[in-house]
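As a plain string of letters, each chain reads:
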Number of protein chains: 6
Amino acid sequence: MSEPRRELPPGYQEQLDLGYVFGGLSTFAQRPFVPHAAQLAEWKPDVAVMGAPFDLGTTNRPGARFGPRAVRTQAYEPGTFHLDLGIEIFENLEVVDAGDAFCPHGRVEQSLDNVKAKVAEIVNLGITPIVIGGDHTITWPSATAVAEKYGFGKVGMVHFDAHADTADTIDGNLASHGTPMRRLIESGAISPHNFVQVGLRGYWPGQDVWDWMAAQGMKWHMMDEVHHRGLDAVMTDAIAEAMNGVDYLYVSVDIDSLDPAYAPGTGTPEPGGLTSADLLRALRRLALETPLVAFDVMEVSPPYDHSDCTVNVAHRLIMEVLAGLAWKKSR
Amino acid sequence: MSEPRRELPPGYQEQLDLGYVFGGLSTFAQRPFVPHAAQLAEWKPDVAVMGAPFDLGTTNRPGARFGPRAVRTQAYEPGTFHLDLGIEIFENLEVVDAGDAFCPHGRVEQSLDNVKAKVAEIVNLGITPIVIGGDHTITWPSATAVAEKYGFGKVGMVHFDAHADTADTIDGNLASHGTPMRRLIESGAISPHNFVQVGLRGYWPGQDVWDWMAAQGMKWHMMDEVHHRGLDAVMTDAIAEAMNGVDYLYVSVDIDSLDPAYAPGTGTPEPGGLTSADLLRALRRLALETPLVAFDVMEVSPPYDHSDCTVNVAHRLIMEVLAGLAWKKSR
Amino acid sequence: MSEPRRELPPGYQEQLDLGYVFGGLSTFAQRPFVPHAAQLAEWKPDVAVMGAPFDLGTTNRPGARFGPRAVRTQAYEPGTFHLDLGIEIFENLEVVDAGDAFCPHGRVEQSLDNVKAKVAEIVNLGITPIVIGGDHTITWPSATAVAEKYGFGKVGMVHFDAHADTADTIDGNLASHGTPMRRLIESGAISPHNFVQVGLRGYWPGQDVWDWMAAQGMKWHMMDEVHHRGLDAVMTDAIAEAMNGVDYLYVSVDIDSLDPAYAPGTGTPEPGGLTSADLLRALRRLALETPLVAFDVMEVSPPYDHSDCTVNVAHRLIMEVLAGLAWKKSR
Amino acid sequence: MSEPRRELPPGYQEQLDLGYVFGGLSTFAQRPFVPHAAQLAEWKPDVAVMGAPFDLGTTNRPGARFGPRAVRTQAYEPGTFHLDLGIEIFENLEVVDAGDAFCPHGRVEQSLDNVKAKVAEIVNLGITPIVIGGDHTITWPSATAVAEKYGFGKVGMVHFDAHADTADTIDGNLASHGTPMRRLIESGAISPHNFVQVGLRGYWPGQDVWDWMAAQGMKWHMMDEVHHRGLDAVMTDAIAEAMNGVDYLYVSVDIDSLDPAYAPGTGTPEPGGLTSADLLRALRRLALETPLVAFDVMEVSPPYDHSDCTVNVAHRLIMEVLAGLAWKKSR
Amino acid sequence: MSEPRRELPPGYQEQLDLGYVFGGLSTFAQRPFVPHAAQLAEWKPDVAVMGAPFDLGTTNRPGARFGPRAVRTQAYEPGTFHLDLGIEIFENLEVVDAGDAFCPHGRVEQSLDNVKAKVAEIVNLGITPIVIGGDHTITWPSATAVAEKYGFGKVGMVHFDAHADTADTIDGNLASHGTPMRRLIESGAISPHNFVQVGLRGYWPGQDVWDWMAAQGMKWHMMDEVHHRGLDAVMTDAIAEAMNGVDYLYVSVDIDSLDPAYAPGTGTPEPGGLTSADLLRALRRLALETPLVAFDVMEVSPPYDHSDCTVNVAHRLIMEVLAGLAWKKSR
Amino acid sequence: MSEPRRELPPGYQEQLDLGYVFGGLSTFAQRPFVPHAAQLAEWKPDVAVMGAPFDLGTTNRPGARFGPRAVRTQAYEPGTFHLDLGIEIFENLEVVDAGDAFCPHGRVEQSLDNVKAKVAEIVNLGITPIVIGGDHTITWPSATAVAEKYGFGKVGMVHFDAHADTADTIDGNLASHGTPMRRLIESGAISPHNFVQVGLRGYWPGQDVWDWMAAQGMKWHMMDEVHHRGLDAVMTDAIAEAMNGVDYLYVSVDIDSLDPAYAPGTGTPEPGGLTSADLLRALRRLALETPLVAFDVMEVSPPYDHSDCTVNVAHRLIMEVLAGLAWKKSR
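None of these values were measured; they are calculated from a predicted model.

Enquirer: It is not clear to me how the overall build of chain A should be interpreted in this structure. Could you clarify?
Expert: Scanning chain A from N- to C-terminus turns up 12 helices and 10 strands. Taking the principal axes of the C-alpha coordinates as reference, chain A spans close to 60 × 45 × 40 Å. Split into buried and exposed, the 331 residues of chain A put 71% on the buried side.

Below you can see the structure in the form of structure tokens.
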């Protein structure tokens, strides 16, 4: 990275550097902590990682409110040189940790407003937001903010998940983690024609929802297809579908797209999912091959994790995207 | 119990009996499952145990939504003969499991309404409700329903907790697990002069809230006093204070009144609390010596429990109250 | 399902419906609770799920006695519409929860007799039993009851397991979880020529047992073969072998046929096993392509599970079979 | 210890010495491993520690079969100098690890016979046996072997437990962990007049069993009494009662006599129990003040333990007894 | 606090404020992060909390390297108003988080040097250091730095621990967590006549070490004495002994002075220890009654903790000391 | 095995035999315990399994010091007949457990010297050492001892790992678990031309280290290659590369070469790794097809394991190598 690093207060960088194993201050990947919009405007990094500690939309096991903190403090990070791409990520990409949106307990609307405002602050500066959830309800305000920047219907979506999250309501709840994709399509933020889902499986939702999805023109690739064709072939189709006629891409990952063997720490686990290796390679392709402008990783629930397995995978999914972005920028 | 047992569908009682260790259907203490108001009206038990699987008011670690299920299915129950009182509880007291109030995810108001309605169904039949939480927000609707039955300001309250739960709002939230006691006093449901708190300690709330509490005329007994005087002496005072001029008592237990060594599975643990033995004996006295008309046990959070320690204590707190009620009735 | 649903006592169905996430009464998949033979005879469902909470035959880590309870109460179930088959299971298949057989602690013979009696009650009504274990000893009485209904030597067996379970005795014990298949073959309940094992691996049993198995004419497909040929190809052979000359099939799954990464909660884990996705698809084929008349899932040991991973997989294996049966019935 | 240490095979002692923290071979307290009767006869130590890995008598959570292994391998042991008594235990008392009795899975009678035979081997040489369970059923054969040595009705018993373990049968089972004390009294091995129980609490057994116990002349001290009088005063009575007219004492500890806060890793936890400090001091008095000839620690269930808390306490209970015996011998 | 708060970079304070539950940046008690000596010199707080993530001196279970991080990020903190003292701590006492000393893995000497240097930076500015360990080896460099500031032999020590930590070497290791107190006495940093230990128990060290301690003139109060006299009486003596002829006090807490029921997450647990309530009150007295100039909490090992019980207690021990200091300053 | 078994002290073999499930003495696979060099010289087994309980070189999560103990005591072992090879391992290969090298806490150099000495004792007798770690630093002394026996530069190395472990220093530490392979190449013990790494992935080390590795002539096969070509094809190349011009092979496995789903219990987990089945088959080929003279399994960290998953895999990796050696010897 040719441009000089902005200055942190004295002592901060040393403490961030200690954080690579077990000491010091904990930010995402020891990145500078730049929580304020004015600072971001001055600093103008390529990417800002932020947290959305919200789990009020969770139907089953809560705890995703602790996801952002855990990804910052509990993930193991030995280095930042991506072996397959051969690139030192942070020498090629300026990344900061922008802190968390305020998600007050028990207050759904206020929380979603705050997430939307913070994502907007980032994306409106032309910075790529990466959002650590929090439950999947968060993608509603987050992708809305991104669409408001780049244009409603102008941003494609690749959505990895065990569940379609396209119910109208659940338990009468419009702002559930089972409904955000419905909201995004209803509002026009994301066009159903560019909305592609990968990894679906299991027993939900019912026929009526699938009929609605088909009627909208949404695309999906179930795990059964992934098992038969391989994820790589599926991704080629998914990218083509998502990018058809649009110039921007939002990628949203529900950590439960992974099999529970790889990601036990989540609220609504569904056996039969992706492997970590597959999802990592899929994200690399998305970062390298598409005009990705926003990314989120949702549904990491530390109380149900073991030995930080899920937290570590979530951290690596973000690193994989950063590596791809760094590689693109470096060319 | 002289009156004949009402009939369950064939096979049910056998399966409930299997439940005493590791098989069969799981209701609280293998009691008959009588979830419907009409059935309750006909059956007319002395006590109905119900669940309120709600944790949207939790400021810190969620999971109390799984409290009612865990107390029904995970507690170990070797028998039902209370050794100190020498009484076979369910031969002297008719107790049923009335199921859960519907607490839809993400919907605070609807959940609290449903809890209030279900408690009202029970208490309005003259049955003693025992509510398993769920977070402490639940005591707001539950005690309101009880007060509506027996008269606003006519029911005393003994409240065991590490925290006073008398904040006006937290994070702008009126329906938080840190505010229910404020709501009950503001509405007049419980008179502050009969509102007694036991087990308070730690660092919350701040001076302004204590001033408000004192201005209202509330009473409290901090752990420091308990450590110096012993819980038994404190309880003698607490009972006198709570019953001064009223004829009914509601007893509410936050499981975090216990030290985390005894009850790790809770959302906001505070070191320095009660022992299980002390709390059990205090509840026995309340059941034996006061006109207790409602009881709740709140804040059991199974994801943070170990080896069902917290679940078992919660179960025993309820059994202790039932034993006291059975003894009183048998005389 | 065209026929009208039989009536449950008032309030029950509402409570069962609450059970889909975190409240209410817990039966398998919120199915009606029909524990008594007389009720079953009147209700006559297609399938009855029952538990066999027995682990006295376990050589290593016990705990499978808690398997049935955990599968009922701890599994996460978002819905009941099978995505790949496009079928709402319980609209096409009447399924009830028939409760548990009584397995008194420390009493092997009595427990096995009770299991056999309860399976017989179900199967003799022409209902398909699905048995949740409990350790694998249970398949001895269970498959015996099924063979007594359909004829000794008239029922094929597909048995997924890491271990052959065909020892004569272990530690001098005839009724061990390492011996049930020997018992079934010795008694003639299942013909060795229709007895097919899939997923075997590791270090047990020794040469003498394999010699005996070969001498009987049993068939087996080791994991090594599965890794080379793929499970789908192996299943085609296994089905042909098991159904050769018989008209009924019993499918028995030891959860340790899965790799411990997918199913840590079991008594005798053996690395190198099946993935959840593979086993789910294999069971779907069995339900769709064979005249399956009984199914069991054994060796789920909750004390060794993490984050309910194993419990969830076990639940899904049963759902997969139910989905296949529903699809067949609906055509 | 003035007499020279018997010789171990070369290298063994060095490896045992490594075991004091995290390496080497694991025997109890790094004591020489002397598993064979003939060796014991030659070596003639003061005390032989042995294991009884049996849990087939467990009514609720199994796992005590792993108790002996865990106490040997997982307990933390920084040294062997008892601070309060000021004595280096193993310089004053010859202690060996005699290995385990063979407790074949699923075979209750054979297991109990083997335990009895192994205890007899030890006690008949005049060596004090210390038995690590295993569930409490084990005390039946163990105390029978001790009584056969010293005379039926000639050995007193102090029994620490939450439960009386004096049921006739449970689930029709005579050899349950809830029945051993009944067996010992019925057979005459221990006289009821010298049978003293400490720590009882909770809800089991029922009135009929208490009537039987009283009719026999058994003595007991409930936790309620302990809370009021203090354990020290209770122990003075208990010792007097147990030793009235006899010259030998067997001390049996169910680890669930401790509160679950101190000993979560057990099968049938009951809140409201002893503290570790209290039980340690009580055992010290028993070792110092009585002619203790046998000791057992039962019901340690490692699958339900956390951070080896229960295993460590069990280890210390044995060390406390050894320290008392060493002190007595050294005078 | 009358003086105006120093300014943090924009956005920082808001993020620290979020940290009170589950979001934002994690410093100790949301205090400003002031890691650099020059900043500290300008800011000049009353107290600086720092971490020493070192566990290379651990004889048994490692993991204390993660102690500082866990106390900052995992402790639950509902507020900062000390209920018993009635004081808002941080309005009366300026406290900052000074970050961690660099403790490179595998390098004992370098780590201890870095800890000493960082403590010296703090104490030499007249700021009270509070050190979060890390294993107890850390008290060697930490107390040496404090003694270098106030004078060798001029600082008393009250040391809460299960173990005396006064061995000459362990495994030939001079810099072990079992030796720091020997080092401090040998170097003259702390006079043995003002060195008072509280909470000792168990089986270590041996007679020779006790002889050395007595010969030096050290004082100690074993748990046995605490159980008999009560901790309050013992503390009165301990304070008098430690302060005899000196004007400064260092207080060092090994978290294993607590019973494992209260603090399971530690490396060398010893049953029979203090309760949280007792230790909290003892520290309050020390902060209120003595000229405490430094404090440390050692041996918190998060991998062995459950539900953050140990982390929370460690956090509260620090808060209790801060509350006492705030109260003193406010008078 | 035609030659008669050497005699163990009476009772030992019976106790070892008990160890196959949950009793008795715990050695690796119930092999005779032969800890002393003189005994080994007399006994002269084919293979000696030893432990190196060292984790002072660990950069992140410690705990590998408990690896050897856990593999001996916690692994489940149902039998010793390798199903795929059809061979009773210990009838064809004499294997003993040689105990642990002494690895004193806090003393890196002394520990590494002791490991080297103990490996040398074994290998100099012509016995194949199998070393259970401990962290990967251990391979430095272990492979050095092997190279000193067979000649510097005469022994090839196949090294399975997520990380190259070829840093010059980490945190200034030459003896880190991230540096052993650098040390072996610098010293000439292993020639870089025969040094082959398999399974590398993630973000470490940086470009300079890869340049150094390439300059040396080292070979490596990243996971990306494994995912594309399959491990079997990669192994064919790896064997050819490692054996090019040398006659001996050392195989070193870092358990983190496996994906964390299969081996969560390790210090530096990296998502995207091998499956257990793949690694087991690769080791079988190495044992069967190469002149393997030494083997190690490193980085098993029990405090981070769940349900002994990682411990069991480590145990099976050793068994797979033993099976291959037994098969080779039997021909």
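Anyway, onward from the coordinates.
Enquirer: Looking at this structure, how should I read the interface of chain D and chain B?
Expert: For interface size, the figure often reported is the accessible area lost on association. The interface of chain D with chain B comprises 26 residues on the first partner and 23 residues on the second. For the side of chain D that touches chain B, the leading source of residues is helix α9 (residues 223-229) of chain D, giving three residues. Among the residues forming the side of chain D that touches chain B, the class breakdown is 12 nonpolar, 11 polar and three charged.

Enquirer: What is the right way to read the interface of chain A and chain E from this model?
Expert: Contacts between chain A and chain E engage 30 residues on the former and 29 residues on the latter. Listed by contribution, the elements that provide at least two residues to the side of chain A that touches chain E are α1 (12-18), α2 (37-43), α3 (67-73) and β4 (95-100) of chain A. In terms of residue count, α1(A) provides more of the side of chain A that touches chain E than any other element does, four residues in total. When the residues that make up the side of chain A that touches chain E are grouped by side-chain class, the tally is 15 nonpolar, 11 polar and four charged.

Enquirer: Mind showing me how you'd approach the relation of the copies chain A and chain E here?
Expert: What relates the two chain copies is a rotation about an axis together with a slide along it. Rotating chain A by 180 degrees about the axis while translating it 0.0 Å along that axis superimposes it on chain E, leaving an RMSD of 0.0 Å. Between the two chains, the operation in question is that of a two-fold axis. Comparing contact sets, 97% of the residues at the interface of chain A also lie at the interface in chain E, consistent with an isologous, same-surface contact.

Enquirer: Would you explain the sheet that holds strand β9 (residues 248-254) of chain F in this entry?
Expert: For sheets, the rule is that strands pair by backbone hydrogen bonds, running either parallel or antiparallel. All names here are of chain F. The eight strands lie next to each other as β4-β1-β5-β10-β9-β6-β7-β8, forming an open sheet whose pairing is parallel. Every interior strand has two partners, whereas the edge strands, β4 (95-100) and β8 (219-222), have only one. With direction set aside, neighbouring strand axes in the sheet form an average angle of 15 degrees. With four bridges joining them, strand β6 (residues 155-160) and strand β7 (residues 195-200) adopt parallel strand pairing. Within β7, the position partnered with V158 by the bridge is V196. Together, β1 (47-52), β4, β5 (128-133), β9 and β10 (292-298) form the strand contacts of helix α12 (residues 309-330), whose direction differs from that of β10 by roughly 170 degrees.

Definitions and limits used
- Throughout this description, residue numbers start from 1 for each chain and increase along the sequence as written.
- To read the labels, note that chains go from A and ligands from 1, taken in the order they are written.
- Given that the model is predicted, a residue must reach a pLDDT of at least 70 before its local features are reported, and side-chain atom pairs must reach 80 or more before they are shown or counted; all residues, however, enter totals for whole chains, interfaces and linings.
- What counts as a helix is a DSSP run of H or I of at least four residues, what counts as a strand is a run of E of at least two, and both are numbered from the N terminus.
- Every C-beta atom is placed from the backbone, and the number of other C-beta atoms within 10 Å of a residue's own sets its class: buried at 20 or more, exposed at 12 or fewer, partly exposed in between.
- Note that contacts rest on C-beta atoms placed from the backbone: two residues are in contact if these are within 7 Å.
- Three classes are used, and their members are as follows: Ala, Val, Leu, Ile, Met, Phe, Trp, Tyr, Cys and Pro are nonpolar, Asp, Glu, Lys and Arg are charged, and the others, Gly among them, are polar.
- Residues below a pLDDT of 70 in either copy are left out; the C-alpha atoms of the rest, at least 70 in both, set the least-squares superposition of the copies.
- Pairing between strands is defined by DSSP: at least two bridges between them are needed.
- Note on method: axes are straight lines fitted to C-alpha atoms, helices fitted across the in-contact stretch only, with angles between N-to-C directions ranging 0 to 180 degrees.

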